[in-house]
Structure formats: structure tokens, C-alpha cells
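What follows is the residue order along each chain.
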There are 2 protein chains.
Amino acid sequence: MGRKRLQESADGRPTVHTVAARAGVSIASASRVLNGVGGSPETIRKVREAAAEVGYVPNAIGRSLQSQRTGLVALAVEDIGNPVYVEMMRAIESVVAASGRQLLVHATGGQIANETALLRRLAHRYVDGMIVSPIRVTDDHLAALVDSPVPVVVVGQLGADAPVDNVRTDSRTGVGLAVGHLVAAGRRRIGFVNGPLDTVPGAARDAGFRAALAAHGIDLDERLVEVGDFRYAAGRAATERLLARARPDALVCANDLIAVGALHALLAAGHRVPQDVALVGMDDTELARMMFPQLSSVSLGSAERGRRAAELLLQRIADPTLPPRREQVAPSLAVRASSATGPATGVTLPAPRTPEVTA
Amino acid sequence: MGRKRLQESADGRPTVHTVAARAGVSIASASRVLNGVGGSPETIRKVREAAAEVGYVPNAIGRSLQSQRTGLVALAVEDIGNPVYVEMMRAIESVVAASGRQLLVHATGGQIANETALLRRLAHRYVDGMIVSPIRVTDDHLAALVDSPVPVVVVGQLGADAPVDNVRTDSRTGVGLAVGHLVAAGRRRIGFVNGPLDTVPGAARDAGFRAALAAHGIDLDERLVEVGDFRYAAGRAATERLLARARPDALVCANDLIAVGALHALLAAGHRVPQDVALVGMDDTELARMMFPQLSSVSLGSAERGRRAAELLLQRIADPTLPPRREQVAPSLAVRASSATGPATGVTLPAPRTPEVTA
DNA sequence: CAGACTCCCGGAAACGTTTACAGCAGACAG
DNA sequence: CTGTCTGCTGTAAACGTTTCCGGGAGTCTG
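None of these values were measured; they are calculated from a predicted model.

Quick look at the overall build of chain A
Counting its secondary structure elements, chain A contains 13 helices and twelve strands. When each of the 359 residues of chain A is scored for burial, the buried share is 55%. Within chain A, counting contacts between residues at least 6 apart in sequence, those at least 24 apart form 68% of the total.

Notes on the nonpolar core
Grouped together as the largest cluster of nonpolar side chains are 55 residues, with contacts concentrated most on L279(A) and L279(B). Breaking this core down by element, the ones donating at least two residues are helix 10 (232–245), strand 8 (250–253), helix 11 (256–268) and helix 12 (286–290) of chain A together with helix 10 (232–245), strand 8 (250–253), helix 11 (256–268) and helix 12 (286–290) of chain B. Setting aside chain neighbours within four positions, we find L279(B) in contact with L251(B), C253(B), A259(B), A262(B), L263(B), L266(B), V273(B), L295(B), S296(B), S338(B) and S339(B). Counting 53 residues, the second-largest nonpolar core is a separate cluster that includes V84(A), L313(A), I92(B) and A107(B).

As for the packing of helix 2 (residues 27–34) of chain B against helix 3 (residues 41–54) of chain B
All names here are of chain B. Close contact between helix 2 and helix 3 brings their axes to 9 Å; oriented N to C, the two are set at 85°. Regarding the angle of helix 2 to helix 3, the classification is roughly perpendicular. Along its contact with helix 2, which presents S29, A30, V33 and L34, the element helix 3 presents T43, I44, V47, R48 and A51. Each residue belonging to the contact of helix 2 with helix 3 can be placed in one class, and the counts come to six nonpolar, two polar and one charged.

A word on the packing of helix 8 (residues 171–184) of chain B against helix 9 (residues 200–215) of chain B
Residues and elements named next belong to chain B. Between helix 8 and helix 9, whose axes approach to 8 Å, the crossing angle comes to 45°. When the axis of helix 8 is compared with that of helix 9, the two are oblique. Helix 8 and helix 9 meet at a crossing whose hand is right-handed. Note on element contacts: helix 9 touches helix 8 through A204, R205, A207, G208, F209, A211, A212 and L213, opposite S171, R172, V175, G176 and V179. Classifying every residue of the contact of helix 8 with helix 9 by side-chain character gives eight nonpolar, three polar and two charged.

Concerning the sheet that holds strand 6 (residues 190–194) of chain B
Residues and elements named next belong to chain B. Strand order in the open sheet formed by six strands is 7-6-8-9-10-12, and the pairing between neighbours is mixed. The open sheet has two edge strands with one neighbour each: strand 7 (225–227) and strand 12 (332–334). If you compare each strand with its neighbour and ignore which way they point, the axes differ by 20° on average. Pairing between strand 9 (residues 278–282) and strand 10 (residues 296–299): three bridges, direction parallel.

Thoughts on the pattern of salt bridges
Throughout the structure, instances matching the rule amount to 43 salt bridges over all chains. We note a salt bridge from E226(A) to R241(A), for which the minimum N-O separation is 3.2 Å. Taken as a pair, E226(A) in strand 7 (residues 225–227) and R241(A) in helix 10 lie far apart in primary sequence, 15 residues in all. The partner of D165(B) in a salt bridge is R316(B), and the shortest N-O contact between them spans 2.4 Å. Here D165(B) is found in strand 5 (residues 165–169), whereas its partner R316(B) is found in helix 13 (residues 302–318), with 151 residues between them in sequence. Judged on exposure class, the residue D165(B) and its partner R316(B) are both buried. Put simply, E304(A), R307(A), R308(A), E311(A) and E327(A) are held in one network by salt bridges that share partners.

Description of the sheet that holds strand 9 (residues 278–282) of chain A
All names here are of chain A. Spatially, 7-6-8-9-10-12 is the arrangement adopted by the six strands of the open sheet, whose pairing is mixed. Unpaired on one side and paired on the other, strand 7 and strand 12 (332–334) mark the two borders of the sheet. Put simply, the sheet's adjacent strands are angled 20° from each other on average, direction ignored. The pairing of strand 6 (residues 190–194) with strand 7 spans three bridges and is parallel. Looking across to strand 7, one finds that F192 is bridged to V225. In the packing of helix 10 onto the sheet, the strands contacted are strand 6, strand 7 and strand 8, and the crossing angle to strand 7 comes to about 150°. Packed onto the sheet, helix 11 meets strand 6, strand 8, strand 9 and strand 10 (296–299) and runs at close to 155° relative to strand 9.

Focus: the side chain of E93(A)
You can see E93(A) is positioned in helix 5 (residues 83–98). Of the side chains with opposite charge, R90(A) lies nearest to the buried E93(A), which makes no salt bridge, at 8.0 Å. Dropping the residues within four chain positions of it, E93(A) is found in contact with L103(A) and A107(B).

A closer look at the packing of aromatic side chains
Residues and elements named next belong to chain A. In the structure shown here, the tally under the stated rule is two aromatic pairs over all chains. Both rings, one in F192 and one in F209, keep their centres 4.6 Å apart while their planes meet at 20°; by these two values the pair is stacked. Of this pair, F192 sits in strand 6 while F209 sits in helix 9 (residues 200–215), and the two are 17 residues apart along the sequence. Exposure class is identical for F192 and F209. Each is buried.

Points about the interface of chain A and chain B
Contacts between the two partners involve 57 residues from chain A, matched on the other side by 57 residues from chain B. Between chain A and chain B, a total of about 5,100 Å² is buried, with carbon and sulfur atoms accounting for 63% of that surface. Where chain A touches chain B, the interface holds two salt bridges. Residues R90(B) and D79(A) are paired through a salt bridge, measuring 2.7 Å at the closest nitrogen-oxygen approach. Taken together, the links from chain A to chain B amount to 16 residue pairs in polar contact (both at pLDDT 80 or more). Sort the elements by how many residues they give to the side of chain A that touches chain B and strand 2 (residues 102–107) of chain A lands first, with six residues. Grouping the constituent residues of the side of chain A that touches chain B by class yields 30 nonpolar, 15 polar and twelve charged.

What counts as what
- Residues numbered from 1 in each chain as written.
- Chains lettered and ligands numbered in written order.
- Predicted model: local features only at pLDDT ≥ 70, side-chain atom pairs only at ≥ 80, totals over all residues.
- Heavy atoms only, no water.
- Helix = DSSP H or I, 4+ residues; strand = E, 2+ residues; numbered from the N terminus.
- Buried < 20%, exposed > 50% of the residue type's maximum accessible area, 1.4 Å probe, protein only.
- Contact = heavy atoms within 4.5 Å.
- Core = buried A, V, L, I, M, F, W, Y, C linked by side-chain atoms within 4.5 Å.
- Axes fitted to C-alpha atoms, helices over the stretch in contact; angles between N-to-C directions.
- Parallel < 35°, antiparallel > 145°, perpendicular 65-115°, else oblique.
- Nonpolar A, V, L, I, M, F, W, Y, C, P; charged D, E, K, R; others polar.
- Left-handed = near helix turned anticlockwise from the far one by under 90°.
- Pairing = 2+ DSSP bridges.
- Salt bridge = Lys/Arg side-chain N within 4 Å of Asp/Glu carboxyl O.
- Lys, Arg positive; Asp, Glu negative; His and termini not counted.
- Phe/Tyr/Trp six-rings, centres within 6.5 Å; stacked < 30°, edge-to-face > 60°.
- Buried area = accessible area lost by both parts, 1.4 Å probe.
- Polar contact = N/O pair within 3.5 Å; in protein donor to acceptor, adjacent residues only side chain to side chain.

Quick look at the structure:
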């Protein structure tokens, strides 16, 4: 039989050829029946039967090659352990699922190389589009975004003129909300525990903090500013360093994970929250409500940003010629016990290491 | 020109044909150069140049159709907001990445239909293999697992004779560790806040709890058992219901999210932890260490299970004929402040709603 | 009863890639 | 100078699917 086409795939699984041969019809008819378009009752019966007998299951790759779409959408975030991304993911998922597609998540670990590689590899047609939330953006990175072979939507700040769909918030203003709230509550020695300054959100929040203090006529004591990364352990360690050299009456944290670390450090050092030190986080994730006392937090609308990003992406997939769009979500402040003014809701410690504890 | 093959893909992006034509060589030579195998210096130069000029980027789908592999591995979990899955994912990711593949995560939301659909759709060749951690297993589900077209490894309990690679732990014994520890510390009115009983882990933990109490000769007071789901809010609500009708001196929780909910409920109700009520969670996630007081927790070796599952999967991808294997990871108990015996490490509340507070 | 119309079918092309195979030129040995 | 070997190249098949197109059979209309 020479090099005649075989009827099974390389690993022995049935293909549409197997089904067609078994049903005694052409592959065209088999394919039509399997896709539910056309076919006489008799043909339908024969093909269905044959497919069931051999346990046919279509090969998505073959189908995608033909149809030029996979029905998959990817979300690439830095740290999937950060609840803010979980909330964003849930919002994206619901939009994406409603369009009949599936969402896949990839954690980049904040490695630029990693993320660029993802764009350059995964995006090469395995997915119909992707949403990326980078915390560092380099020129190389940007280039990869711009000429990505599939539609990309970026969640987060991006160079002003980048021709890429973009959903952002204003975290500078967000930090301002926190500072304003604390100042109004009579706090003056306001500290700031931030993430790395070489990240986009880190830099924006630093600028926002300084601007907000200035706007309230408060001189910034640099000893009240500390930097770690955006995770819990670093937040706790950074707060411990800060407390070792300064005595804040309030702390703003660049996200909720850091705020939880700060809360832990404060309580372990014998400070009462909020009586001695008021605490405000950012992102307003479920984590903030899981703490005791519950944490005030600046909402950056992560779910909303995710939802909008997903919508932008679906629109662009439908029509790739759309001009780049940019949307903005306004921040808001959720005040909870950790920065409430009254002392009634606070937590006290018996009397651990530090001297200045109320008897 | 009739129906002659075009040199661009449908959406105008360059293909290997474009590059070949531009370089004045055959597509075979172009492909060889682009893959770094063979080619004369002159050919290499021309092809590289042409590829750069047109911005060629290979179509992964086309390549996969030919090579019968995608280099992608999927992880399907129920709730990506649960830190235990984050830890598992990290472990899997590192193994998978080391093999040069990429990990994609899919959240099923615990919907069986969802999960089965994932198996039946995504698994149809988009990925080289997948790791699934189902919390409910039906026959249909099992069938989908067994004749999945790609290798599958299951993390979690599975019917004893299911011919599927499987990494499990022994959560019954795990609950026993928690109960034993609490009994040794003198606790007797030990409560249990569990997830749904129609889930595999929920059922196993319930059985483990009852068996452990019996083993210590303690009669179970059914009012001390409450059920929600595996998330924070439900854990808190369930604990509130429990506290409204009973007075435990210790609580075992079916996972750390529930334990955090229980901690919140306990503190809000004015109970001291651990003095009044000792608390033990399960999964030993980072969340347990993020609490104040830090939570004792039964480690079910989630990272280890993830690591082993990934290794099993890679082995099976390499050799699909391997017999089904089953591995087990032993639980262990991490004792922290929330169940420490001494009162020194506990947290006290000023004097909220309940009367029995230390002045 | 002829013609138009509808419906179904099979052959073949197409999606973008890799690769087996054969041909060809050049280098080298005898 | 001839024969063999090496290394590169191009043609074409293959991966598994969908779909265009032409042909044939059957149905309805006039």
C-alpha cells in the first residue's frame, strides 16, 4: 500500500479518518456529522456509532490549525499567591467563560525574562489572546507586547504612548486617600511600607505617598519609610526594621500582604492597632477582612479592572483593527477597624517585649 | 494565479513560506535554519535576515500538529484562592519548568461539570499532560480521567482500583494528629469545623475526627460539629453557628481558610485563643503563619504532593506505558501559638461583648 | 414530463509546520 | 580522471481537522 495515509494517529488514537472508514463515509461527511452540521439521518447514525465504538475524540490542535483559534485565553500575573490577582482572575474568568472560552493562568514570578518569554512563546498562537499584569516594564518587554502575534491587554501602568490596550488605576491618588484619612484622624507620624521602587506600582505609590504628605503640610521623616517586596514575609521584616528605628502612629502599606506583615510585626512588638498605630493596606482583598482587627484598605478596583480588561480583550479578538484603548478605574478607601479612630475596637496584648504597654 | 498557496497566513502574518520566498530558498531550508539544524553559512544568513525583516514568529499550533506535543502542562484545581493550591502550584511549577515546559493553571470552581468538561476539552491535545485535584469524584468523572487522551495525575483520594497515577495523603490520620495534640494538652470539648461532607476530603476528615475522638475515649457531642464549605467566609459563619449553641475548648478546622474564619469568629465573640479555645487548622499554609496568634496546622505535605505529582506526570509523558502508580505523603503537625498550652502567648481582648474577660 | 431547486456526498485544498527522501555539487582518495 | 563520500538543497508527504466545490440524486413546480 506504499505510503498511503494511515487511519490512526501516530499513537494509535482514532482520527476522523478512522471514524469515516468505519462508518463507510468520507472524512468530509464524518467531520460534518461530528460538528453537527448537515448529514442525512442514516449518515449521522453511522458516524455517531462509529465514533462511539472507537472512542473518537477530536484533536484540538488539528482543529485550531484549521480554524485559527483555540478558544483559550491566558492571564499572566506575577504572583498567584497575592489575593489581589485571585480576585482579578475571578472577574476575568467570569467574562471569559461567558464567551465560551477558557481561562488559563500563568505565574511569571516577576521575572522579566520569564514574562517576555511567555509572550514570545505561549502567545505564539496557543491562545487567542492574553491579559498581562507586569510589575516591571522594560523596553524589550514593551516591544514584545506591541508586536505580539495575539491580542494583549495590559493591566497596570504603561508608558503613556504605548499602543496597547490598557486598564489602569491611579494608585498615587489611592495612597493619597489613605494618607488623607489618617491625617483627618489626627495621625501625624505616618509611615509607609512599600514594595520595590524599581517596579511600576512601587514607584507610583512612593510618589503618591510623598505628594500626599506634602499636600497636608507634613514633613516626611525618611526613617518612617521602608521597602521590601510585595509579599507577606518582606512586609513583616520591613516593618520590624522600621519599628526598630522610628515610632509611627500610622502605617500605610503598599498592598494587603504587606499590611498583614505589618500587623503581625506591630502586634508582636506590643503595639495596639489601631490605638497606638493605625494601619491601612492597599488592594482591599479578602485578606483585609480576614484579619483581626479587620484592615482598612485602599481599593484599586482589581475585580473591576479584571472585568474591563477581559472585555477589552474579547472586543479586540473580535476586531483586531480597533485602535488601542485605555481605561481607568478610580480608587476608593474602605475604612475598617485597623484605622478606626475610637479605641474601643482595638486589640491589646498582655505585655510582651516592649516597655511602653498599657498596664 | 488560481488557488496557488499564498505566502502569508490568513491574518497577514508571515509564515515560513514568507521567509523562504524572501530569502530565496525552499521552505525546508528555511525551517531547518530557523530550528538551528543544518544549513550553509550563506543560507543561514539569508534566512535569518529575511526572518528578521518580516518579523517572523513561528506558529506554535502548526508546530504542535507536526510534533504531537505542545510543551504545556495544565493544573486544574478547585479554588485558586486557597493558599494550599498556591503552594502546590509552586512546587509543580518548579518541576515542570525544569523540564522545559510551561505550567498553566485552571480553576474549576469545584463544579464537576466544569472539571469534566475541562478534561474532555482542554486535554484534547492542547496540553501534554495534566494534574487534577478534584474534591468531588463521580463515576463519570473517573471515566473521563481514565480514558483521557493525555496523561493525567490525580492529587487526592481516588477509588482504590482506579488505574490512574495518584498522589495522596492520609487526612484521616492528619485529623488524628490534631486531636491527639489537643487531648494531650488537656482539651476535652473539641469541636470540628468541616467542609462539605459530599466532598472527598470533607468525608475523610469527618471520619478521621470521629475515629480520633473514639480512640481517646471521648464521646462526640454533635453540637460541636459544624459544616460549611472550604472557604473563609463559610468557616467563620459555621464557627459562629457552633459557638451560638456550644462551648468548645478547642476547635479543629478542615483547612486553614476555615481556621482563619474560626479565629475571627472566636476573637469577635470574645474568646481568647488559645487560653479559652485552642485552634488547629489543616494544610499548614503560609496563611497559618500570617495570623496572630500563629495557627497550629496539620501539614498534608501539599508542596511535596505537588512535586511528586509533577514527577509522575513527566515520567508518564516520557513513557505512557508505565503501570499506574500511587504515592502517599504522610501528614505531620506544626504546633504554634494558637494551640500552645501556656497562656503567655495568647491574645486578650479588652472587654467586648462577653463577660468572662480578664480585667 | 421537463426544468429548477434542494440536499447530501466525496474529493481535494487548506491551515503552518517538520522531516524523509532523493538529487546534486563539491571534495577527496585512489 | 573516476568513483565515493559528504553536506546541502528542494520536493513532497505528513500531522488532524474544516470547508470549498462540483456532481449526483431526489423533490417540487409549472
